[in-house]
Amino acid sequence: MPDVQALVNDFVLKLKRRKIEGSHASARHTAELLRSVISHQRMRQTNQAGALIDAVKAVGEQLIAANPVELAVGNIVRRVLHIIREEDLSSTATAIEGLGLSAGSDDDDEGQYEDRPALSAAALAAAARSTLRAPSLQTLLGDIPGSAVTPQPPSSWGDSEGKSKSDKNLRSRKLKHDVIEAINELIQDIDTCHEQVSEQAVEHIHQNEVILTLGRSRTVKEFLCAAKEKNRSFRVFVAEGAPRYQGHVLAKELVGKGIQTTVITDSAVFAMISRVNMVIVGAHAIMANGGVVAPVGINMVALAAQRHAVPFVVVAGSHKLCPLYPHNSEVLLNDLKSPSDLVDFGEFSDCMDFGSHGGSPLLHVVNPAFDYVPPKLVSLFITDTGGHNPSYMYRLIADYYSADDLVVKQRSTS
Amino acid sequence: MELRRAPRTVIDPKVRQVGFITPGATLPPARSHSVPTDACSTSPPALDVSLPGSSISPVMIPPPRHASADGLSSLARSAATAAAPVPVPVPASHLRRDTVQIPVGSYNPSETLLGSSPMMSPSSGLDAGSEFSNEVPTSTWLGRRGSGKFASSFPATSGEMMAMKTTGGGGGGSTPKSSLTTASVVKALPGVSEKDGGALIEMQNEGTSKPQKQKTSKAERRAIQEAQRAAKAAAKEAGGVKPSASSGGAVPALKQGKVAKPSSQRKDGPQVTAPVTSSEKKVVDRLPEKDRKKDVPHPRMQFDDKHRVEKAKRRAVVNQSEARSRVELFRHLPQYIRGTQLPDLESKFFQLDPIHPSVYKVGLQYLSGDISGGNARCIAMLLAFKEAIKDYSTPPEKALVRDLTAKIGSYVSFFIECRPLSISMGNAIKFLKSRIAKLPHTLSESEAKSSLQSDIDRFINEKIVIADKVIVRHAVTKIRDGDVLLTYGSSSVVEMIFLYALELGKHFRVVVVDSRPKLDGQALLCRLVAKGLNCTYTHINAISYIMHEVTRVFLGASSVLSNGTVYSRVGTACVAMAAHAFQVPVLVCCEAYKFHERVQLDSICSNELGDPDVISKVPGWKDLNHLDNWADNENLQLLNLTYDATPSDYVSMIITDYGMLPPTSVPVLVREYRREHLWI
C-alpha cells in the first residue's frame, strides 16, 4: 500500500511543520487518513481485527509522534482503534450467538495483540469488555458464571472466527465495512459537534448576560451565535489573545452577527472579570482528570474567574477529549512558538552584546502556545453529549476509548 | 424641663465615657439650642456638629459644659485627629501671653457671672466636679495620643478659637477685642445656665422636692433664694480664684488653670514676631476644618454627569473630541479621540497666554504620551510649576497667595485636560498648594518664589529621588543568589533595584512580562540586556507558564490606596494573581508620596481610558486588520484600560521609603505621612 504510506508521510510532514493546526482540522484529517488506511488494508483470513488494529497503530504512532502536542490526533487514533474493537466484538457476539457458546479457546493468534507488556491479557480484556459493554444488570450477571466456567473467558472473541470457517469471508468484509462506516460517523461527529454544543447555548446564556472569552474558538463562536439566534441579547468581552490576536477575528465575527462586543487587552481581564457573569472559552484538549489544555492565557482568566466566583465554562467537541492524565502539562504539553511574535529581532540585536558573555545568550523569549487549566478551576464542560463536571470526564473517556489503547505503540516484535 | 434635667446629673458622667454623642444631644435641649444662638454664628457650633465625624477614636468624650468649652475640646481633638502640626499654636502664644486668663476666663467668667447671678453656688461646685470628672478622661486620652503635646495645645487652640471668633465677628480682631467678645459670648450663657443651675440645685439640695416644686411656687422661690445665696458665695470664691490664676499664682482649684499654665509658659519660649503670628494664625485657624474636609477625598468628576461635563467643556482649553462608541461600563470616565487636538493645541500656543510655556510643553508631552510613568510625570509637572513660579509676578492689587494658587489651579486643570492626573501628581499638587497657602505674608515676592522653588526641589529630591534610593536599598535585601525575579511592564524603581543588585554582584535572572498595547517592557528589557542582565521576555498570557520558575515578583505601582489596593498599570493584578496562585511572593515597590487615603475595590469606578485605536492595530502584524473601521460599527467597542486595582491579599509586601510593610499597614502610613506632608 504505497499510496497510503505516501498519504501518511504527507500528513506527518504537515503535522510536523504545523501546517495543520487546531484540534478540529487535525482530528478530521486523522480520521480521513485512518479511513483510507483501513480501506486499503488487505484482509487476512484470520484475526482481521488484530490486523486492522496493528495497521492503525502503526500509522497512529507516526502521527502522534509527528506532533505530540496535537492531542486530537491521538484521540482520533484511539477512537478508531476503539471502533475496530467494538465492531469486532459485536460481530463476534453475533457469531457466538449463531454458533452457540464455544467453550474453549486457543490463544495462538489471539496473543498477537493481547500480550502487551506489563499487563496481563486477561485483565486487559476484562477491562476492555467491561468498558465496551454497557454495564447492564444482565451483563454483570452474565459475566460472572462465564468467568467461573472458563479460566480465560474474556479472550474468546477474536479467535472464534477460526472455528466458523463457513461465514468468514462474509464476516471479514463486513467488519471492514462496519469499521469504515463507523469512522464516517466519527468524521461527521467531528464536523457537527459545534452544532450539538451550541444547541445547548440557550440553556446557559440568559438575557443581558455579560460573557468574557479569550482568543478565538470556533465552538465558542458557534455557541454565542446560537444564543443570539434565539434572540438572547447579551454582551461579550473578547480578550484579544496575544500573541496570535485571534480575539480580533472572533470580535469581528460576533459583531457580524449583531452581538454587542467589546475587545479588551489580555491584561485587562482581571479588571473586567468582576463585571462578567460567565467565562466561556474553547479548549485545545480536555484531559482525563478534567484539566484543560487551552490557548495561552486561559489559566489567567480561570484564576481571575475563580477569584470573583464567575463560572468558568469550557465548550469543546468530544474529539478533544483525551484519555491521558497530564503531568506537568504546562511544560510537557506545550509548544514554544517563534519569538518573532513578541519581539522584533532587529530591535534587540543592537542592544545585545554577543561577544562577551561566553556565547550564552542573555535574552530568552518565551512564547508558549498553550496553558493548562487544572480541573478545580473549571466549573463546567459543555460537550456534544451535554454538560459535565470536570470530575466526570474519566467516565466519558471510558465511553469513547478502550483501555487497551491508552498507549498507542506498536508491538516491538513487528 | 425638670424631667429632662433630672437624669442629666446622673447620666452625664456615664455619657462622657462612651459613644458618639454630639454634645447637643446629651445636653438639655434648652441649653444646646441656646448655645448656637448665643454664640451667634461663630464657628464652635459648626465644629460641634462635625466633631464626631472627624474623630478617629471610637470613644469620644463630649466636651464639658459650654459652647466655648465644646469648641475648645473639639478643636483640640481635631487638632489631634487631623494631625494638625503641633508647633502650629506656638506662634499664637505671644498674643495669648496677655490674654492668658482668657482660656481660663472662658471658664471662669462664666462661673463668676453665674455666681453673680443669684443662684448657682452649689451647682458651680458641682460643675467644677463634673469638669474634673470629664477632664480626667480627656487628659488621659490626650496622654494616650502621646506626649501631652496636645494637652498643651489644648488651651492654645482655645485661644485660636477665640481668635477665630474675633475674626469671624469683628473682622480683623485684635486681642483685647477678642477677650471682650469671648466675655460677651460667655456672658450670654449664664442666662441659660442660670435656669440650669437652679434646676441642678433643686436636684441636689432638695432631691425630693421635684414633685413639690411644680405645685408650690413658694418652695421654689425659697429654693431660688437659697441658690442665689449659694451662688453669691460661689462667686466670691471664684472671684478669688480667678485673679490668682491670672496672676500666675499656683492655685490648683481649677484644672483649666493648671493646664493652661505650663503650656502658656512653654509657648513663651519660641516667640515669633507679632505680625507674622497673626497672619500665620489665620492660616492655622482654617486648617482643622480644611483637614477635615480633606479626610474624605473629593469625588472625582463623573463624565456621565452631563451638566458638569458641559460646564467643564466650556472652560476647557483643549478641545478634545469625544470618542463615539464608548463602553457602557465606563461612561463615567473621559474618553477622547487621541491625536485630534494636538495640532489644534500647537496652533493655540501663542494665544494661550495664561498658561506658562513650560506647563504647556509638559501638557503636550502628556498628551502625546512622551512622558509616562508616575514619577516621570510628577517630576515633569513639578519642574514645570517651578519654571512657572520663577517667571511669576504678582499682578497689581492681588495677593501672591491667592493669585498663585489660582494660577496653579488653572495649570492643573490644563494638565487634567491633557491627561487625567495620576494620584501621585494629585499628592504633589496638594503639597504645593499647601506650601503656597502657608507662605508667610511678610515674605517679599521674590523670597516667596524662591522658597516655593526650593520646596519643589525638596519634594522632588526627598520624596522621589531619595525615596527611590531608599526603596532600592530595602528591596535589594530581598534578592538572593539564584533568584528569578519577575517584573511587569516598566517600573523605574524596579529597574533601579535590578541594576543595583547587579552592581552588588548578585546572581539572578530577570523575567520581563509585558502586555499590549504599550509594550513598555521592551524598553526595560533593552536597558537590562544592555547592562548584561540575563533576561527572559514574555507576554502576560504566558504568565502561568513562566511563573513556575520565578522566585520573586517585583512590581511598581501608580498608587497604593489605603485599603491596601495597589493601583497600577493594567495587568499588574493578573501578574500578582498568578504569583499568588503559584505561591510566589509579590513585592510592590512604591514611594510613599504615591499613597492615597482613597479606597477602591474594583478597577472600574476609577480608571483611565487609553486610546482604543491602538488595540485594533498590532505593530508588526500587517495582515491583522479585522478591526479596522471599528468605530463604524455600533456593536463593537474597543476598551483600552490604563490601570487596574490589585487586591491587597495578592500583595506580600509593600516596599516604601519608610520601610517594608504589609498591605494592611498602608492606612497607618497614609495617616502618618499626611502629618509629615504638612510639615515639610
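Residues numbered from 1 in each chain as written. Chains lettered and ligands numbered in written order. Predicted model: local features only at pLDDT ≥ 70, side-chain atom pairs only at ≥ 80, totals over all residues. Heavy atoms only, no water.

**Thoughts on the overall build of chain B**
Thinking step 1. Looking only at helices and strands, chain B has 28 helices and twelve strands in total.
Thinking step 2. Long-range contacts, defined as pairs at least 24 residues apart, comprise 79% of the intrachain contacts of chain B with a sequence gap of at least 6.
Thinking step 3. By element, 57% of the accessible surface of chain B is carried by carbon and sulfur atoms, the whole surface being about 28400 Å². (Helix = DSSP H or I, 4+ residues; strand = E, 2+ residues; numbered from the N terminus. Contact = heavy atoms within 4.5 Å. Areas by Shrake-Rupley, 256 points an atom, 1.4 Å probe, with all protein chains shown as cover.)

**Some points on the sheet that holds strand β9 (residues 370–373) of chain A**
Strand-to-strand pairing in sheets goes through backbone hydrogen bonds, with the strands running parallel or antiparallel.
Residues and elements named next belong to chain A.
Thinking step 1. Taken in spatial order, the three strands line up as β5-β6-β9 in an open sheet, and their pairing is antiparallel. At either margin of the open sheet sits one strand with a lone partner, and together these are β5 (285–286) and β9.
Thinking step 2. Direction of pairing for β5 relative to strand β6 (residues 292–295): antiparallel, over a ladder of two bridges. From the neighbouring strand, I286 faces β6, where its bridge partner is V292.
Thinking step 3. Contacts between helix α14 (residues 298–307) and the sheet are confined to β6 and β9, with β9 contributing the most and set at about 30 degrees to the helix. (Pairing = 2+ DSSP bridges. Axes fitted to C-alpha atoms, helices over the stretch in contact; angles between N-to-C directions.)

**Quick notes on the packing of α14(A) against helix α26 (residues 572–581) of chain B**
Thinking step 1. Closest axis-to-axis distance for the α14(A)/α26(B) pair is 10 Å, and the angle between their directions is 85 degrees. With respect to their mutual orientation, α14(A) and α26(B) come out roughly perpendicular. Listed contacts from α26(B) to A:M300, A:L303 and A:A304 of α14(A) are B:C574, B:M577, B:A578 and B:A581.
Thinking step 2. A per-class count over the contact of α14(A) with α26(B) returns seven nonpolar, no polar and no charged. (Parallel < 35°, antiparallel > 145°, perpendicular 65-115°, else oblique. Nonpolar A, V, L, I, M, F, W, Y, C, P; charged D, E, K, R; others polar.)

**Some thoughts on the interface of chain A and chain B**
Thinking step 1. Taken residue by residue, the interface counts 58 residues in chain A and 60 residues in chain B.
Thinking step 2. Counting across the interface, chain A meets chain B through three salt bridges.
Thinking step 3. Two residues, B:D602 and A:R275, come together in a salt bridge whose shortest N-O distance is 2.2 Å.
Thinking step 4. At the junction of chain A and chain B, the tally comes to 24 residue pairs in polar contact (both at pLDDT 80 or more). (Salt bridge = Lys/Arg side-chain N within 4 Å of Asp/Glu carboxyl O. Polar contact = N/O pair within 3.5 Å; in protein donor to acceptor, adjacent residues only side chain to side chain.)

**Observations concerning the packing of helix α18 (residues 357–368) of chain B against helix α20 (residues 400–418) of chain B**
All names here are of chain B.
Thinking step 1. Contact geometry of α18 with α20 gives a least axis separation of 8 Å together with a crossing angle of 20 degrees. Taken together, the axes of α18 and α20 lie roughly parallel to each other. For the pair α18 and α20, the sense of crossing is right-handed. Mapping the contact onto sequence places V359, Y360, V362, G363, Y366 and L367 in α18 and Y411, F414, F415 and C418 in α20. (Left-handed = near helix turned anticlockwise from the far one by under 90°.)

**Some details on the pairing of strand β3 (residues 534–539) of chain B**
Thinking step 1. Counting buried positions along β3(B) yields five of six residues, so the element is predominantly enclosed.
Thinking step 2. Looking at chain direction, strand β8 (residues 363–365) of chain A and β3(B) are connected through three bridges and run parallel. Its bridge partner being in β3(B), A:V365 is matched across the sheet by B:Y537.
Thinking step 3. Bridge analysis of strand β2 (residues 508–514) of chain B against β3(B) gives six bridges, and the strand direction is parallel. Bridge pairing in β3(B) places B:V510 opposite B:C535.
Thinking step 4. Crossover connection from β2(B) via helix α24 (residues 521–530) of chain B to parallel β3(B): handedness right-handed. (Buried < 20%, exposed > 50% of the residue type's maximum accessible area, 1.4 Å probe, protein only. Right-handed = clockwise from strand over helix to strand, strands pointing away.)

**Structural notes on helix α22 (residues 445–476) of chain B**
The periodicity of an α-helix, 3.6 residues per turn, causes residues three or four positions apart to be oriented the same way.
Thinking step 1. The terminal C-alpha atoms of α22(B) lie 45 Å apart, and with 32 residues this matches the ideal 46 Å at 1.5 Å per residue to within 8%.
Thinking step 2. The largest bend in α22(B) comes to about 35 degrees, at B:A467. (Expected span 1.5 Å × (residues − 1). Bend = angle between axes of the 7 residues up to and from the residue.)

**Remarks on unusual backbone geometry**
Thinking step 1. Along the chain, A:A242 connects to A:P243 via a cis peptide bond; the corresponding omega equals 0 degrees.
Thinking step 2. A cis geometry characterises the amide bond from B:R516 onward to B:P517, with omega recorded as -5 degrees.
Thinking step 3. Positive phi outside glycine occurs at A:N231, with the angle close to 65 degrees.
Thinking step 4. Within the secondary structure, A:N231 sits in the loop between α11 (218–229) and β2 (235–239).
Thinking step 5. A positive phi angle is found at A:N328, which is not glycine, with a value near 50 degrees.
Thinking step 6. Within the secondary structure, A:N328 sits in the loop between β7 (312–315) and α15 (329–332).
Thinking step 7. Taking the relative accessible area as the measure of exposure, A:N328 reaches 39% and is therefore partly exposed.

**Focus on the sheet that holds β7(A)**
Thinking step 1. Strand order in the open sheet formed by eight strands is β11(A)-β10(A)-β7(A)-β4(A)-β1(A)-β2(A)-β3(A)-β9(B), and the pairing between neighbours is mixed. Strand pairing shows two members of the sheet lacking a second neighbour, β11 (386–388) of chain A together with β9 (636–639) of chain B, which therefore form its edges. Strand-to-strand twist in this sheet, taken as the mean axis angle between neighbours without regard to direction, amounts to 25 degrees.
Thinking step 2. Taken together, the three bridges between strand β10 (residues 380–383) of chain A and β11(A) define a ladder with antiparallel strand orientation. Its bridge partner lying in β11(A), A:F381 is registered against A:H388.

**Notes on the pairing of strand β4 (residues 278–282) of chain A**
Residues and elements named next belong to chain A.
Thinking step 1. For β4, a buried count of five out of five residues is recorded, marking the element as mostly surrounded by other parts of the structure.
Thinking step 2. Here β4 shows two buried faces, one formed by M278, I280 and G282 and the other by V279 and V281.
Thinking step 3. In terms of strand pairing, strand β1 (residues 210–214) meets β4 through two bridges, oriented parallel. Along β4, the bridge assignment pairs I211 with M278.
Thinking step 4. The sheet contact formed by β4 and β7 spans four bridges and is parallel. Directly across from V279, in β7, lies its bridge partner F312.

**Considerations on the nonpolar core**
Thinking step 1. In this structure, A:V279, A:F312, B:F385, B:L486, B:M547 and B:V553 are the most contacted members of the largest nonpolar core, which totals 129 residues.
Thinking step 2. With nine residues, α20(B) is the largest single contributor of residues to this core.
Thinking step 3. Once you skip the residues sitting within four places of it in the chain, A:V279 turns out to touch A:L212, A:I273, A:V301, A:A305, A:V310, A:P311, A:F312 and A:V313.
Thinking step 4. Ranked by size, the runner-up nonpolar core spans 36 residues in total, among them A:I53, A:V59, A:I187 and A:I190. (Core = buried A, V, L, I, M, F, W, Y, C linked by side-chain atoms within 4.5 Å.)

**Here's the deal with the confidence of the model for chain B**
Residues and elements named next belong to chain B.
Thinking step 1. With 51% of its residues at a pLDDT of 70 or more, chain B shows a mean pLDDT of 68.
Thinking step 2. Across chain B, the element-wise mean pLDDT spans from 41 in helix α10 (residues 175–188) up to 95 in strand β7 (residues 586–589).
Thinking step 3. Every residue in residues 1–214 scores below 50 in pLDDT, and together they form 307 contacts with partners more than four places removed in sequence or on other chains.
Thinking step 4. Residue range residues 240–287 is modelled with pLDDT below 50. Its contacts to residues more than four positions away, or to other chains, number 62 contacts. (pLDDT = per-residue confidence, 0-100.)

**With respect to the packing of aromatic side chains**
Residues and elements named next belong to chain B.
Thinking step 1. The tally for this structure, following the rule as stated, stands at eleven aromatic pairs over all chains.
Thinking step 2. Summarising the aromatic geometry, the rings of F414 and F415 are spaced 6.1 Å apart at their centres and angled 45 degrees between planes, so their arrangement reads as tilted. Residue F414 shares its accessibility class with F415, and that shared class is buried.
Thinking step 3. Both rings, one in F459 and one in Y593, keep their centres 5.8 Å apart while their planes meet at 85 degrees; by these two values the pair is edge-to-face. With a gap of 134 residues between them, F459 in helix α22 and Y593 in the loop between β7 and β8 (595–596) connect regions that are remote in the sequence. (Phe/Tyr/Trp six-rings, centres within 6.5 Å; stacked < 30°, edge-to-face > 60°.)

**A look at the pattern of salt bridges**
Thinking step 1. One pass over the structure, following the stated rule, counts 25 salt bridges over all chains.
Thinking step 2. Two residues, A:E253 and A:R216, come together in a salt bridge whose shortest N-O distance is 3.1 Å. Of this pair, A:E253 sits in helix α12 (residues 246–256) while A:R216 is found in the loop between β1 and α11, placing the two residues 37 residues apart along the sequence.
Thinking step 3. Residue A:R216 is classed as partly exposed on the basis of its relative accessible area of 29%.
Thinking step 4. A salt bridge links B:R516 to A:E240, with the shortest nitrogen-to-oxygen separation between them at 2.8 Å. With one member in each of two chains, B:R516 in the loop between β2 and α24 and A:E240 in the loop between β2 and α12 form a pair that bridges those chains. As far as the burial class goes, B:R516 and A:E240 line up, both buried.
Thinking step 5. Residues joined in a network through salt bridges with shared partners are A:R28, A:E32 and A:D191.

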